[in-house]
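Residue strings, one per chain:
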Amino acid sequence: MTIVPIVKATAWWIRIFDFPRLQIVAIGIVVLILLVAFYGIDSIGYGIFAISLVVSIGYQLYMIYPYTPLARTQVQYRQDSDPRTNLAILFANVLMDNRNSDDLLIQIRAADPDMVLLAETDDWWQQQVDVLEADYPYTVKYPQDNTYGILLYSRLELIDPEIKFLIQDDIPSIHGRVRLRSGDEVEFRCLHPRPPVPQEDPSSAPRDAEILIIGKESREDSMPFIVFGDLNDVAWSRTNYLFQNISGLLDPRVGRGFYHTFHAEIPVIRFPLDHLFHSNHFRLVDFQRLGYFGSDHFPVFITLSLERDAVETQPEPKPDVEDEKEAQEKIAFALEPPQVRNPDRDRPPATDLSLS
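Residues numbered from 1 in each chain as written. Predicted model: local features only at pLDDT ≥ 70, side-chain atom pairs only at ≥ 80, totals over all residues. Heavy atoms only, no water.

Engineer: Would you mind going over the packing of aromatic side chains with me for this structure?
Structural biologist: Here the distance between the centres and the angle between the planes together describe a pair of aromatic rings. The full count for this structure, using the stated rule, is 10 aromatic pairs. When the centroid spacing of 5.7 Å and the interplanar angle of 85° are considered together, the rings of F19 and F271 count as edge-to-face. With F19 in the loop between α1 (12–15) and α2 (21–38) and F271 in the loop between α7 (238–247) and β9 (274–278), the pair connects residues that are 252 residues apart, well separated along the chain. By the burial criterion, F19 is buried, and F271 matches it. Geometrically, the ring pair formed by W124 and W125 is edge-to-face, given 5.4 Å between the ring centres and 85° between the ring planes. Ring pairing ties together the aromatic residues Y67, W236, Y241 and F258, which thus form one cluster. Residue placement shows R289 over the ring face of F298; its charged tip is 4.2 Å from the ring centre. (Phe/Tyr/Trp six-rings, centres within 6.5 Å; stacked < 30°, edge-to-face > 60°. Helix = DSSP H or I, 4+ residues; strand = E, 2+ residues; numbered from the N terminus. Buried < 20%, exposed > 50% of the residue type's maximum accessible area, 1.4 Å probe, protein only. Lys NZ or Arg CZ within 6 Å of the ring centre and 35° of its normal.)

Engineer: Where do I start with the pattern of salt bridges in this structure?
Structural biologist: Two side chains carrying opposite charge are able to pair once their charged atoms lie near each other. Within this structure, the stated rule accounts for 30 salt bridges. Its salt-bridge partner being R84, residue D82 comes within 2.8 Å of it at the nearest N-O pair. One salt bridge connects D208 with K330, and the closest N-O pair in it is separated by 3.3 Å. Placement of D208 in helix α6 (residues 205–220) and of K330 in helix α9 (residues 321–335) is noted, with a sequence separation of 122 residues between them. Overlapping salt bridges bring together R78, D80, R283, E307 and D309 as one network. (Salt bridge = Lys/Arg side-chain N within 4 Å of Asp/Glu carboxyl O.)

Engineer: Teacher, can you tell me more about α7 here?
Structural biologist: The periodicity of an α-helix, 3.6 residues per turn, causes residues three or four places apart in sequence to face the same way. Counting buried positions along α7 gives 7 out of 10 residues, so the element sits mostly inside the fold. Among all positions of α7, only T239, N240, L242, F243, Q244, I246 and S247 are buried. The elements touched by buried residues of α7 are α6, β8 (225–230), β9 and α9. One or two residues past the end of α7 sits G248, with phi positive at roughly 75°. (Contact = heavy atoms within 4.5 Å.)

Treat this as a map of the structure, not an account of what it does.
Now the structure itself:
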């Protein structure tokens, strides 16, 4: 389980082992204790096995270390921020068959964010949460019954919002800019790519490529930039580290904690799948994992403060030549035919792209 994900292949049965690093550490420690207690390590075979376990545990701890409070934070904390330059975002995967919309709406109203992103939304979910339009008049809606519908509500003005299909024709993403109360504009991207699991996609290639395409856009854009949503990837995967290097975006989780968002109903199987990354123009005001509302994901609430001097004190990750090459290869591979997507398939239009 430790060795397999070191391979850079995209097959689901390889990439799935990026996820349970904490669980592998726990299993390794238990097995090591049982080995020493019941068999000892005085024979060559048991000694080699014990060393292998120690190496496995050490490697997994090394991979998850940046997401512990022991590590240095990537994003500085700002307590006395200017409300005009703040941007508060709540995002959640609602679980399409979940019917506890009232519980989610209660949390949204209590958090009082500027933007609300909901993934895995169908027509039923849109009907339930459209009550938000009274306070959030700017919307982008693309409900679907394939668990990849997406809804965005904003009380701040959205500029040129649009739905794009970067890799697969049934996986929408939202692209645009949002104008803060200060008048500053921020580029944003909302994503929900397919996970690498047999019932969804046998390969991580489409997910990886979609994330990396956005990463390259961010690197080439000098504006403040944020990316958020259910990325169906863990914080400590190779793709995540590659994305940060390619994009130059920062992760407010680093140095603060795991903030597991999935699985909400199974405490021993939890991973950080819902993410927000941002350019180094921002400092962090607030970061919370919110409460259970019937979904298999917890909502995330983050408030950022746009501060131009933050660029000088928060260095952005940098790609090396190998990173650039790997990212380009992943994108090119995912775009090669034959591909899951079908560009000739009719798509229903996105609704209410920007209401004033």
